Structures are given as C-alpha cells and as structure tokens.
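Geometric and topological summary
The lines below spell out each chain.
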Amino acid sequence: QMHLVESGGGLVQPGGSLRLSCAASGLSLDYYVIGWFRQAPGKEREGVSCINFSDGTIDYAHSVKGRFTISREHAKNTVYLQMNSLKPEDTAVYYCAAEFVGPFTVQPIVTDGDEYDYWGQGTQVTVSS
C-alpha cells in the first residue's frame, strides 16, 4: 500500500547538522501521523518526533526538543527531520513510519512506534569526532 524511503543520514561531528527525508509513495500521507524513530545498538527503539500530516501538529521527545525540527511538504508527500546540535548519543539508525489516523484533528504523541502501520528501511546517523 505505502512505501517509505528515508535518506539524508551520514557521519557528522558533534554540534553539526543533518536533514533527514522520508518520502512516501503509493498513498498520500494525508490522514497519517508520520513518526521518526531511532534505534542504537543494544537499545530499544525510541520515538524522536511525529507530525500529523494533515494539520501539521507535532510532538518531540524530550531528548531532542530545541535541537530537532520536524516538517512536511505536501507537494512532495515528504516529511523532514532537521537535526541540529547533534550529540554522540544521537547516533542510531533513524526510521520513519506512518500511522493511519483518518481526517481528524489529532495531537500526535511520541511513542515507541508499535502502533505504526508502515516503516521505511532506515538511514544511519553517526555523530562522532
């Protein structure tokens, strides 16, 4: 039904920035909450941020508030995660995922992602000097 592809990961020094992209095909992201998640080696998956694609409402994990910004571009059916002031503890594989919520004004909340319906393949982010 839906295919999600992440891109934009790479190696960056502490304090640097990266912008991740999540491009969707097959279905419009309208009626979905799009979440960004990350998983570091030996750790559980962690929710980072999420956005209601229809109304633009957002949420962030406490660990990234003030540093990361999630946004959407309707014409490209794409969600972005701008990551600034990166820290070594941000190192992980980053995934985007889509959760169907319907045409409702829903305040998304960051979770571990078990309720999401579609997942991308992930992109590696490494923060190291």
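In case you missed it, the structure is sitting above this.
All values derive from a computational prediction rather than experimental measurement.

The rules behind these values
Per chain, residue numbering runs from 1 following the sequence as it is written. Two thresholds apply to this predicted model, a pLDDT of at least 70 for residue-level local features and 80 or more for giving and counting side-chain atom pairs, whereas whole-chain, interface and lining totals are computed over all residues. Side-chain measures here rest on the full set of heavy atoms in the structure, leaving out hydrogens and waters. Criterion for a disulfide: a pair of cysteine sulfur atoms at a distance within 2.5 Å. Starting at the N terminus, helices and strands are each numbered in turn, a helix being any DSSP run of H or I of at least four residues and a strand any DSSP run of E of at least two. Accessible area is worked out with a 1.4 Å probe on protein chains only. A residue is then buried under 20% of its type maximum, exposed over 50%, and partly exposed in between.

Observations regarding the state of the cysteines
The tally for this structure, following the rule as stated, stands at 1 disulfide. The disulfide partner of Cys-22 is Cys-96, and the gap between their sulfur atoms is 2.1 Å. An S-S torsion of about 70 degrees defines the bridge between Cys-22 and Cys-96 as right-handed. Taken as a pair, Cys-22 in strand β3 (residues 18–25) and Cys-96 in strand β9 (residues 92–100) lie far apart in primary sequence, 74 residues in all. On the basis of relative accessible area, Cys-96 is assigned to the buried category, the value being 0%.

Some thoughts on unusual backbone geometry
Of note, the phi angle at Tyr-31 is positive, near 80 degrees, even though the residue is not glycine. One non-glycine residue with positive phi stands out, namely Asn-77, at about 50 degrees. Along the chain, Asn-77 turns up in the loop between β7 (68–73) and β8 (78–83). Looking at Asn-77, the relative accessible area reads 13%, which means it is buried.

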